[in-house]
Amino acid sequence: MGKTIIHKSHFRQDCCHFLLVFILIVTSCNPTKYVPEGETLLNENHIIINEEGLKKSDVLPYIKQKPNKKIFGAKFHLGLYNLSNINKQKWPHNWLRNIGEEPSVFDPYSTAKSKEQIKSFVASKGYFDGQVTDTVKTANRKSEVYYNIGLLAPYTVRNIYYEIADTNIRKLCYFDSVNCVIERGKPYDVDILQAERSRFERFVKDNGYYAFSQDNIYFRVDSTVGNRQVDLFYGVKNFTTLDAYNRTIQVPHSIYRVKNIYIFPDFVPKDALEGGDAYLNSLDTTNYEGYYFVTSKGKSEIKYDLIIQSLYLKPGVPFNVTNTEQTQAHLMTLKVFRLVNIYYNDTKKTADAADTELMIDCNIQLTLLSQQSFKVELEGTNSEGDLGGALNLIYQHKNLFHGAELFSMKLKGAYEALTQQNSTKRNTQEYGIETSLRLPKFLLPFLEKENFIKKYNPTTTLLAGYNYQDMPLFTRTIATASFGYDWKAGNYSEHLVNPLQVNIVKQGSIDSAFAARIEKSSYLAYSYKDAFIVGGGYSYIFNNQKIKKSKDYWFLRINAEASGNMLAVAEKLTGAKKTDGSYNILGQAFAQYIRTDFDLRYNYIVSDVSSVVYRGFVGIGIPYGNSKAIPAVKQYFGGGANGIRAWQVRSLGPGSYIHDVATFQNLTADIKLEANAEYRFKLFWIMEGAVFLDAGNIWTYQNDISMPGSQFRFNKFYKDIAVGTGTGFRFDFKFVMGRIDFGMKLRDPMLSDGSKWIAARRPYSLNNDFTAVLAIGYPF
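Residues numbered from 1 in each chain as written. Predicted model: local features only at pLDDT ≥ 70, side-chain atom pairs only at ≥ 80, totals over all residues. Heavy atoms only, no water.

(A) Spatial organisation of the sheet that holds strand β4 (residues 156-164). Strand order in the open sheet made by the 3 strands is β4-β6-β5, with mixed pairing throughout. The open sheet terminates on both sides in strands that have one partner only, identified here as β4 and β5 (217-222). When strand polarity is set aside, the average angle formed by the axes of neighbouring strands in this sheet is 20°. Sitting on the sheet, helix α6 (residues 167-175) touches β4 and β6 (229-236), and the angle it makes with β4 is about 150°. In this fold helix α7 (residues 190-205) packs onto β5 and β6, with an angle of close to 150° to the strand it touches most, β5. (Pairing = 2+ DSSP bridges. Helix = DSSP H or I, 4+ residues; strand = E, 2+ residues; numbered from the N terminus. Axes fitted to C-alpha atoms, helices over the stretch in contact; angles between N-to-C directions. Contact = heavy atoms within 4.5 Å.)

(B) The pairing of strand β10 (residues 284-288), seen in detail. With 5 bridges connecting them, β10 and strand β11 (residues 291-295) associate as antiparallel partners. For Asn-287, the partnering residue across the bridge sits in β11 and is Tyr-292. A loop of 2 residues connects β10 with β11, the two strands running antiparallel in sequence, and Glu-289 in this loop sits at a positive phi of about 55°.

(C) Spotlight on the pattern of salt bridges. All chains considered together, the criterion is met by 31 salt bridges. Salt-bridge contacts for Asp-694 lead to Arg-645; the nearest nitrogen and oxygen are separated by 3.0 Å. One end of the pair, Asp-694, is in strand β28 (residues 687-699); the other, Arg-645, is in the loop between β26 (610-623) and β27 (671-684), with 49 residues separating them in the sequence. Judged by relative accessible area, which is 1%, Arg-645 ranks as buried. (Salt bridge = Lys/Arg side-chain N within 4 Å of Asp/Glu carboxyl O. Buried < 20%, exposed > 50% of the residue type's maximum accessible area, 1.4 Å probe, protein only.)

(D) Local environment of the state of the cysteines. All chains considered together, the criterion is met by 0 disulfides. Here Cys-180 is not cross-linked by a disulfide; its sulfur's nearest cysteine counterpart is in Cys-173, at 7.2 Å. Here Cys-180 falls in the buried class, since its relative accessible area comes to 13%. (Disulfide = S-S within 2.5 Å.)

(E) The nonpolar core, seen in detail. In this structure, Ile-263, Leu-331 and Ile-364 are the most contacted members of the largest nonpolar core, which totals 28 residues. Here the element with the most residues in this core is strand β13 (residues 357-368); it accounts for 5 residues. The contacts of Ile-263, once residues within four sequence positions are left out, are Tyr-291, Tyr-292, Phe-293, Val-294, Ile-307, Leu-311, Ile-364 and Leu-366. Val-157, Leu-172, Tyr-188 and Phe-219 belong to the second-largest nonpolar core, a separate cluster that totals 22 residues. (Core = buried A, V, L, I, M, F, W, Y, C linked by side-chain atoms within 4.5 Å.)

(F) Up close: the sheet that holds strand β2 (residues 131-139). As summarised here, the arrangement of the 3 strands in space is β1-β3-β2, forming an open sheet in which the pairing is mixed. Across the chains shown, the open sheet's two edge strands, defined by having one partner strand only, are β1 (41-49) and β2. Sheet twist, expressed as the average angle between the axes of neighbouring strands with direction ignored, equals 20°. Across the sheet, helix α5 (residues 108-124) is in contact with β2 and β3 (142-150); its angle to β3 comes to roughly 20°.

(G) Spatial organisation of the confidence of the model for the protein. Per-residue confidence for the protein gives a mean pLDDT of 87; residues scoring 70 or more make up 90%. The model gives residues 350-354 a pLDDT under 50, and that stretch makes 7 contacts with residues more than four places away or in other chains. With pLDDT under 50 throughout, residues 381-385 is counted as low confidence; its partners more than four residues away or in other chains account for 29 contacts. (pLDDT = per-residue confidence, 0-100.)

(H) Just a positive patch on the surface, in detail. On the surface, a cluster of positive charge is contributed by Lys-529, Lys-572, Lys-578 and Lys-628. With respect to the helices, strands and loops of the structure, Lys-578 is situated in the loop between α15 (565-573) and β23 (584-585). Exposure remark for Lys-578: the relative accessible area of 48% places this residue in the partly exposed category. (Patch = residues over 30% accessible without salt bridge, like charges linked within 9 Å, V, L, I, M, F, W, Y side chains within 5 Å. Areas by Shrake-Rupley, 256 points an atom, 1.4 Å probe, with all protein chains shown as cover. Lys, Arg positive; Asp, Glu negative; His and termini not counted. Charge placed at Lys NZ, Arg CZ, Asp CG, Glu CD.)

(I) Inspection of the packing of aromatic side chains at higher detail. The full count for this structure, using the stated rule, is 40 aromatic pairs. Summarising the aromatic geometry, the rings of Trp-95 and Trp-685 are spaced 6.2 Å apart at their centres and angled 80° between planes, so their arrangement reads as edge-to-face. Here Trp-95, found in helix α4 (residues 93-99), pairs with Trp-685, found in the loop between β27 and β28; they are 590 residues apart in sequence, far enough to count as distant. Using a relative accessible area of 25% as the deciding quantity, one classes Trp-95 as partly exposed. Ring geometry for Tyr-764 against Phe-770: centres 5.8 Å apart, planes inclined by 55°, an arrangement best described as tilted. For Tyr-764, a relative accessible area of 32% corresponds to the partly exposed category. (Phe/Tyr/Trp six-rings, centres within 6.5 Å; stacked < 30°, edge-to-face > 60°.)

(J) Local environment of the side chain of Arg-438. Topologically, Arg-438 is positioned in strand β17 (residues 427-439). A polar contact of 3.2 Å, which involves the side chain of Arg-438, links it to the backbone oxygen of Leu-334. Leaving out residues up to four positions away in the same chain, Arg-438 has contacts with Thr-333, Leu-334, Lys-335, Ala-404, Glu-405, Leu-406, Thr-459, Thr-460 and Thr-461. (Polar contact = N/O pair within 3.5 Å; in protein donor to acceptor, adjacent residues only side chain to side chain.)

(K) Seen up close, the pairing of strand β22 (residues 553-563). Bridge analysis of strand β21 (residues 531-543) against β22 gives 9 bridges, and the strand direction is antiparallel. The residue of β22 that forms the bridge with Gly-536 is Ala-562.

(L) Broad picture of a nonpolar patch on the surface. There is a patch of nonpolar side chains on the surface, built from Phe-374, Val-376, Leu-391, Leu-393, Met-409, Leu-411, Ile-433 and Tyr-466 and spanning about 730 Å² of accessible area. Residue assignment for the nonpolar patch shows that the elements contributing at least two residues are β14 (372-383), β15 (386-397) and β16 (406-417). Structurally, the position occupied by Met-409 is in strand β16. On the basis of relative accessible area, Met-409 is assigned to the partly exposed category, the value being 33%.

(M) The arrangement of the environment of Leu-463 in detail. Topologically, Leu-463 is positioned in strand β18 (residues 459-470). In sequence terms Leu-463 and Ser-482 are 19 residues apart; their C-alpha atoms lie 5.2 Å from each other. Those residues in contact with Leu-463 that lie beyond four places of it in its chain are Glu-434, Thr-435, Ser-436, Thr-480, Ala-481 and Ser-482.

(N) Region of the structure containing the side chain of Asp-741. For Asp-741, the position within the fold is in strand β30 (residues 737-747). Within the local environment of Asp-741, its side chain forms a polar contact with the side chain of Arg-730, the two groups lying 2.7 Å apart. Separated by 2.5 Å, the side chains of Asp-741 and Arg-739 make a polar contact. Excluding anything up to four places from it in sequence, Asp-741 contacts Arg-645, Phe-692, Thr-727, Gly-728, Phe-729, Arg-730, Thr-771, Ala-772 and Val-773.

(O) Broad picture of unusual backbone geometry. Residues Trp-91 and Pro-92 are joined by a peptide bond in cis, for which omega reads 10°. As for its placement among the helices and strands, Pro-92 is situated in the loop between α3 (76-83) and α4. Geometrically, the link from Gly-653 to Pro-654 is a cis peptide bond, its omega value of -10° lying close to zero. Within the secondary structure layout, Pro-654 lies in the loop between β26 and β27. The backbone phi angle of Arg-141 is positive, close to 65°, even though this residue is not glycine. In this fold, Arg-141 is placed in the loop between β2 and β3. Even without being glycine, Asn-246 reaches a positive phi, approximately 60°. The class of Asn-246 is exposed, set by a relative accessible area of 62%.

(P) Just α3, in detail. The element α3 is largely enclosed, with a buried count of 7 among its 8 residues. Listed in full, the buried residues belonging to α3 are Phe-76, His-77, Leu-78, Gly-79, Leu-80, Tyr-81 and Asn-82.

See the structure below:
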């Protein structure tokens, strides 16, 4: 296993010099090198709007021709292209052209089309008399296009008139008018009209009108009413069909009622495709609780009750498109089906003599995943920059008791090489076993309600594990057991509650020098004792990131846990006596503390090749009652690949405590504050770049005279803030994201008597003030 941190200053300098020279060469290339004679390079598009009603970002998509991409104001990708010899096809010339970007040659026709599209867009936003002109300025074979958009006040909606021939649809429209997204007095907007079409279509289909579509909805606009207003005519056409003589006629829309629901719990698409009707005729049909289960076997692999519990559809009720979509989504979350397909058949029979309702049959085809699996997993690991590998032997049964219960058992062996050059031991090893059982319901009687299950999709997880860890300064074993619940709350939120969490930490051998240091500190002595942790926890997660859409998004995770409270109450009620100042369970003092932290991130998309990510983290743990310190396994640490990257992992803090940087300290504490900002940009091929700024530190909650300056105090904590900066590169291998970050210290809280900004105190040291770390994945 190679080292994960680059310690040789010459190697660091060579890498940095090479990258700097390469970037300078790329960005200094003549940008018009391969622009044909008589042509110019489109250097920039400028959008000038005289009113605040429109944003430049709204107009930008309607400009057909884009200039070459920029990073920090330089056309880096164009520079890569220009480094090649356009007359040569061999490497590296063809490679440079593939990863680069050919020059964007100014095209007057595209500019004219862009002007037309912008004018149409402006009119769609209510600016019917908006003016759009373009001006082209050319110098040094570079052209810049200025789109000038002149706007007056937008036309607003005066009145809405309904033109609905079908009386039933008209009643629905009037009943639902409170939810109409078109508002009187607001600017006319085609996007709002389209949103209303989609909304009303869903509302109508949710009321049983299976054959209704957006094509039946139209809008007419009268802009002649004056005073920069329009009257809007909201129309719904009747259903178009053929009569007995194949003549096109208009008839009122019909409600469709679900007659029967046929469920295929073990449907095999391949057999159905190859066998056709013969396959369908070979299946057996069973009526269970009013649903028809169609199977190829005597008994389904999935309990019928579980499937019915996941359905939002019932026989005899009108068609509902939202319930259909929710049924499909809920069945997929059981994680036992590879495919869920729901479709309807028209029975061609009326439900009553008036012929106002038609009947349809619902078909639900469920294709099972393989029920059991065994795999050998070789994975790369990254613990705050310590790279290594793990070998996992994993067995899974996705349907243990025929109710979509997921049973997993994992045997793990892991090895990581340490980044710390001052550690006597250069690796860590871990061996363990973990078992879990996930149930698609709550194991609580008062929450076993069908509506709750359908709305929140809850799961219950039971977990148990045992790990042996061989660390640089000590060995320990950790036994864990937990019991908890997980449920969704909308599209972006998730709740996790663990009423019971048990951790038993047993310390093994301890490095003699580290043991001597522990003995000098009451805080560390309590932190590294054997720990018996019994408590519970709660986590809330919000994430509105959409994988297929490049939009700004937020991520928030809130964790809270408490330990030892119930045991402390039980000990007091039973009149138990303390031993060495603590209550004991089976001869072991239990931990008592509360701990909470907040992790907030915001990803701002700058362009299609760059983004800025901000992150803030606040965490605090408070020991009390039966504990004088939080167990070390629950404490926070600073530095590392996912923290303040100018410091090695666990080498920062606590506070301004001055420690020996020549030895590995394994520094942890009770309080953590951290803020990060990272600008990310695509370079070429699989390579991405980043520039970052990190700040923060860790502190102890209680004072420890052996660690002066380590305690958090409101009147001085800001003086202990460490600041680091740096640059990094990411390598997107599709299956994994590799990363190398070069960090540089700017402000070191260990510096005493004067400024803590390194540049103001002393010359920089390549060995002590710079780090380079390899890692896997983004830092946050």
